[in-house]
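Coordinate analysis (summary)
In case you want the letters, here they are:
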Amino acid sequence: MLKVYVGAMAILVTANFALPGLHLVLWTAIGLASVTAMLVGVHMHRPRRRAPWYLLAAAVGSFIAGDVTADVLTRLLHRQGFPSAADFFYLTVYVLIAAALVWLYRLGVVRRDPASLFDALTLTAGLGLLSYIFLIRPYVENPALSALDRTISIAYPLADIIVLAVGARLIASVRPTPAVWLLAIGGVGLLTSDVGYGLAQLNGDWATGGPVDTGWAAFYVLWGVAALHPSMRELTEPKVVRAGEERVGRLLLLGLSLFVAPVVLFVEMQAGRVRDAAVIAVVSALLSGLVLLRLGRAVTGQRRTLERERRLRKAGAALLMATDDAAVEATVRGAVADLLPPGRDHRAAIGPAHTDRLSMSYTRDLGVNLGVDLGDFEVTLCCPLALADGRPAERALYVAADEVVLVGLQEAAQILATQAAMALDRIALGEEIGRRKSEAYFRTLVLNATDVILVLGDDDRVRFASPSAQVLFDRELVGEPLPAVFAPSSAGTVERRLGQVRSGGADRPGEDLTVTGPGGRPTLVEAAFRDLRDEPTVRGVVVTLRDVTERSRLQAELYQRATFDALTGLPNREVFLTRVQEAVASGAETGATVGVLIVELDDFKVVNDTWGHGAGDALLVAVGQRLTEALRAVDGSYGAAGTVARLGGDEFAALVRRAGSPADVERVAQVVLASFKQPFELDHGTVTTTASIGAATTTEAATAQELLRHADLAVYVAKDAGRDRWRRYESSLHSEIVERHRLRADLDRAIADESLLLHFQPIVTLADGRTHGFEALVRWDHPARGMVPPDDFIPVAEESGLIVPLGAWVLSSAVKAAAQWRIAYPDTETYVSVNVSARQFRTPDFAPWVLAEIDRMGLPPRALLLEMTESLLLHDDGEVAGALAALREAGVRIAIDDFGTGFSSLSYLRRLPVDVVKLDKSFIDTIASSAEQHAVVDTIVQLARILNLQVVAEGIETEAERELLVTMGSDHGQGYLFSRPLSYGDASQWLLEDASGLQRGGRTAA
């Protein structure tokens, strides 16, 4: 951007001088380009404070507005160009520039050095005198000018003087940067052209496009470059300001400024007439006053320096008396308060060092803990507690206050931090001396330490070995070279570390070393080398060895447990998330699409219930291996090998690192899903299972967490869509999930308000059509959705656990209805059949509650039939068996619902604790058209009769189906041939007609 701007401005400036006829267009383009560059620079670099830069951009804009206005008046409208509206824009330029420079100064980016202010005023006063003589006085003495003309003419050089004063003050105080130099040179170009323009106007030879325009062009171009240059941010950034010495060039410039008035006076005397005596006298008096004020401020500064040194000495004395870290910190806090101006709000703290040098940092970047101690101040002064010996500082002094106050505190705070570091080091050294005070204590410690302590002579042979060395090495070490004590793989490292220590360097422990223990067993040790040859009691290099074999083994074991699944050996959720984060970051740089697959097994609980948890665990291991093989098959294209993880339970995940597009991730999902087509050969038998897969890619997610969340939503939708399929996340899925959660909330409310409906489908004797019982079926008439099918809300109830209160309501309502029918029709033996879910049956005290409920309603136990799934009945669970036994002993009957659709076989009927077998509708649908299906149903019916089990056929819809079932010997049935589910009132009417012996056809629900 900077190069483009400079090139464009070079073309525009060259064209402006080469094509005077296009001056208005080209000059306007130059100004607008400068304003645009300044606004773009502010947007690109985002300085801490943008207002000063916006004021500078507004000044450039006002200047070009003045130029355009003047050109339009003179060239196009042929009107007088002075005075005019253009003068308003020109004079506004200086107001905006002065405001911007003062704002920059007040931000605290410059030292609060009054001397620079007096120096700037001195230089301005000298140049102001020259400006008066050559630019202002001609206008004052010109009788042809009106009061307005004279005022505006004088305002220009005065504005230049004001801008010069403010600019000189800022330039004299800030550290030079490219942006500062560009602003300064551009400002000089502006002032130079202003002076040249004024002189040309006085001489009557002003013409557009002359050399004077060069300074204004530089003003436009360089200020735009300054805003685009990255160093523009430094103008408003907090920084450390070092005290500088007086520079010869600065003093020379000030000296020349002081001689301006005498030189002018001398020149006018030589000319024979002193025309500006009054002005020379005023300027001379002003310069003398500035010199006196500068000296006075220097004296005041010296006094402040002495006072600061006094307070630092006081703090040093207090630190000398401090005996612990807390006392040092309290003393430092008090000293900071003394060094700051009275009444200044501030915070001070000692914390971990974030840098090794004095710095001004943003408080928000120092961490949460320090941020709490330092309050809401924007800027904090960071002073490391470093000593002169070069040791890195571990702690630092942090002072948060107003930035201007911190600039003046920098040098004193660094001195205070050094004193505090010395105090802390003294305290630590005193504690160390206390620990070493008694030589007998150390000898006892060495002789009884479990760590091995070796002292080496100058030839690197062991001169002393502590008694614990015998335990570790099982031999005498005295006289052996130290490298020979270690295994060959570690000998080179030992020699290198010994050389470092003997040459005065610090020991760098690095990895653990290996020694040969008793019986030749390798042993890992942690070694520390210390040069104590200058210690009179040691005079050698001390080597300390600690057996870390067991620790290393435990660390490896803990790492394995923390990062890998104990059952499958696959990475766990934390490791997988880390790898996804790395892949997302890499994909953001390379442009590759990253995909995540979440794989959940379908009906895994059925496997556990049917075959036991051992088979379930074996299936999980086999699934992990199958997924790894499937991912390796596509590794060459998408970088997926080694990225399978087990997230928990029956949930697995796979990472696709380098997919070219979302379609590639979908192909991987297809490969993974296809891998489940082959059955799993386990020690417990052959198991066939399917999986639901959710896929997500970085085209819809920006972070790893979001990627996994999207994949979770997608697998949820895949399961809801029928399982054994995959789904990729799309934004519409989120709406589906939200809708499902809304359905769950409505269902929860409906259960609480008991606003559900209970219908009853008659179960009849197939031979004569007499009513044998009713199956209770729940219905939901949603106030907004209408009648919600059970297939929509029953799975929601199962997943959310609402099936427990829902099932309790259904059972209680069904028992109540059956009891009322018993009272109304005492001659009937009608029973009620209620479906019970596995989760409901496993509710604590379910069986006692059922018995208490039928007892409360006065219903005989045999009038209640509980329908359960095969997986619940087949599961070898003592708690389930006990509950079933209690219910059947009390007289409650048990039925297998949808027999034949699960894992059971005909042989299970012999040992299941059931009374009724309910044939699923899928068996009945083709009984009249399929000989094979007819034979299967006939076999089930005959076996059930042999085992004294009743058979209830579900879903009978035609007379042919009924007749075939009667021929087979099936006892009872239900279906639309006889009646649809009925409301309680219609069911009561049904029983009335049945008791009256009326003939009837099929019924529909009320």
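Predicted model only: the values in this text are computed from it and were never measured.

Along the backbone of the protein there are 36 helices and 25 strands. Excluding contacts between residues fewer than 6 apart, the proportion of contacts in the protein whose partners are at least 24 apart in sequence is 66%. Of the roughly 49000 Å² that the protein leaves accessible, carbon and sulfur atoms contribute 58%.

Turning to the sheet that holds strand β10 (residues 593–601), a few remarks are in order. Strand pairing in a sheet takes place through backbone hydrogen bonds and is either antiparallel or parallel in direction. One open sheet accounts for 5 strands, arranged β11-β12-β10-β15-β16; its pairing is mixed. Two strands in the sheet have a free side with no partner beyond their single neighbour: β11 (644–648) and β16 (726–728). Here the strands of the sheet are splayed against their neighbours by 20° on average, with no regard to which way each runs.

You can see K918 is positioned in strand β23 (residues 916–919). Exposure remark for K918: the relative accessible area of 1% places this residue in the buried category. A polar contact is formed between the side chain of K918 and the side chain of E867, at a distance of 2.6 Å.

The subject of this paragraph is the environment of P783. One can find P783 in the loop between β18 (771–782) and β19 (786–788). Accessibility expressed as a relative area gives 80% for P783, which makes it exposed. C-alpha of P783 to C-alpha of S755: the two residues are 28 residues apart in sequence and 9.9 Å apart in space.

This next bit is on the nonpolar core. Of all hydrophobic cores here, the largest spans 77 residues; its most connected members are F760, L806, L864, L866 and L965. Ranked by the residues each element gives to this core, the list is headed by helix α28 (residues 803–824), at 11 residues. Apart from the residues within four sequence positions on either side, L806 is in contact with I751, L756, V778, F793, I794 and A797. Residues L55, L96, V221 and L222 belong to the second largest nonpolar core, which totals 46 residues.

Another point: the confidence of the model for the protein. Across the protein, the average pLDDT comes to 79, with 80% of residues at or above 70. Under a pLDDT of 50 for its full length, residues 1001–1006 has, in the predicted model, 23 contacts with residues more than four places off or in other chains.

The next subject is the pairing of strand β4 (residues 395–400). For a regular strand, side chains alternate in direction, first toward one face of the sheet and then toward the other. Counting buried residues along β4, 5 of its 6 residues qualify, which places the element largely inside the surrounding structure. Alignment of strand β1 (residues 347–352) against β4, held across 6 bridges, turns out to be antiparallel. Bridge pairing in β4 places I350 opposite L397. In this structure, strand β3 (residues 379–384) lies alongside β4, joined through 5 bridges in antiparallel fashion. Within β4, the position partnered with P384 by the bridge is A396.

Further remarks concern helix α22 (residues 613–633). For the α-helix, the turn length of 3.6 residues means that residues three or four positions removed from each other point alike. With 21 residues, α22 should cover 30 Å at 1.5 Å per step; its first-to-last C-alpha distance of 30 Å lies within 8% of that length. Regarding α22, the residues found buried are A615, G616, L619, L620, A622, V623, G624, R626, L627, T628, A630 and L631.

What follows concerns the packing of α28 against helix α36 (residues 984–996). Running from N to C, α28 and α36 point in directions that differ by 30°, and their axes come no closer than 11 Å. Between α28 and α36, the crossing angle belongs to the class labelled roughly parallel. In this structure, the crossing between α28 and α36 has a hand that is right-handed. Residues A817, Q820 and W821 of α28 form the contact with α36, whose participating residues are Y984, A987, S988 and L991. Residues belonging to the contact of α28 with α36 are distributed by class as follows: 5 nonpolar, 2 polar and no charged.

Within the secondary structure, V715 is located in helix α25 (residues 704–720). Apart from residues lying up to four places away in sequence, V715 is in contact with I598, E600, S692, I693 and G694.

Side-chain pairs of opposite charge can arise whenever the charged atoms involved come near each other. Per the stated rule, a full pass over the model turns up 27 salt bridges. Taking the shortest distance from any N to any O, the salt bridge between E480 and R475 comes out at 3.1 Å. A cluster of three or more residues bridged by salt bridges with shared partners is formed by E775, E867, K918 and E954.

A few words now on the sheet that holds strand β5 (residues 452–456). The 5 strands lie next to each other as β6-β5-β9-β8-β7, forming an open sheet whose pairing is antiparallel. Single-partner strands in this sheet number two, and they are β6 (462–465) and β7 (513–516). Geometrically, the sheet is characterised by an average inter-axis angle of 35° between neighbouring strands, direction not taken into account. Pairing between strand β8 (residues 522–532) and strand β9 (residues 540–547): 8 bridges, direction antiparallel. Bridging from a neighbouring strand, D531 pairs with V541 of β9. Against the sheet, helix α18 (residues 488–502) makes contact with β5, β7, β8 and β9, and its axis sits at roughly 15° relative to β8, the strand it touches most.

Let us now look at the packing of aromatic side chains. Summed over all chains, the structure comprises 13 aromatic pairs. With 5.5 Å between their ring centres and 70° between their planes, W27 and Y220 make a pair best called edge-to-face. Within this pair, whereas W27 is found in helix α2 (residues 23–45), its partner Y220 is found in helix α8 (residues 213–228), the two being separated by 193 residues in sequence. Here W27 matches Y220 in class, with each residue buried. On the basis of an interplanar angle of 10° and a centroid distance of 5.5 Å, the ring pair of W821 and Y984 is categorised as stacked.

What follows covers the side chain of D994. Along the chain, D994 falls in helix α36. What makes D994 buried here is its relative accessible area of 6%. Here T771 takes part through its backbone nitrogen, which lies 3.2 Å from a polar atom of the side chain of D994.

Once that is clear, we can look at the packing of helix α21 (residues 604–611) against α22. Orientation of α21 relative to α22, taken along the N-to-C sense of each, is 140°, at an axis distance of 6 Å. Classified by the angle between their axes, α21 and α22 sit oblique to one another. Contact residues: α21 offers F604, V607, N608 and W611, while α22 offers H613, A615, G616, L619 and L620. Taken together, the residues of the contact of α21 with α22 break down into 6 nonpolar, 3 polar and no charged.

Cut-offs and rules
Residues numbered from 1 in each chain as written. Predicted model: local features only at pLDDT ≥ 70, side-chain atom pairs only at ≥ 80, totals over all residues. Heavy atoms only, no water. Helix = DSSP H or I, 4+ residues; strand = E, 2+ residues; numbered from the N terminus. Contact = heavy atoms within 4.5 Å. Areas by Shrake-Rupley, 256 points an atom, 1.4 Å probe, with all protein chains shown as cover. Pairing = 2+ DSSP bridges. Axes fitted to C-alpha atoms, helices over the stretch in contact; angles between N-to-C directions. Buried < 20%, exposed > 50% of the residue type's maximum accessible area, 1.4 Å probe, protein only. Polar contact = N/O pair within 3.5 Å; in protein donor to acceptor, adjacent residues only side chain to side chain. Core = buried A, V, L, I, M, F, W, Y, C linked by side-chain atoms within 4.5 Å. pLDDT = per-residue confidence, 0-100. Expected span 1.5 Å × (residues − 1). Parallel < 35°, antiparallel > 145°, perpendicular 65-115°, else oblique. Left-handed = near helix turned anticlockwise from the far one by under 90°. Nonpolar A, V, L, I, M, F, W, Y, C, P; charged D, E, K, R; others polar. Salt bridge = Lys/Arg side-chain N within 4 Å of Asp/Glu carboxyl O. Phe/Tyr/Trp six-rings, centres within 6.5 Å; stacked < 30°, edge-to-face > 60°.

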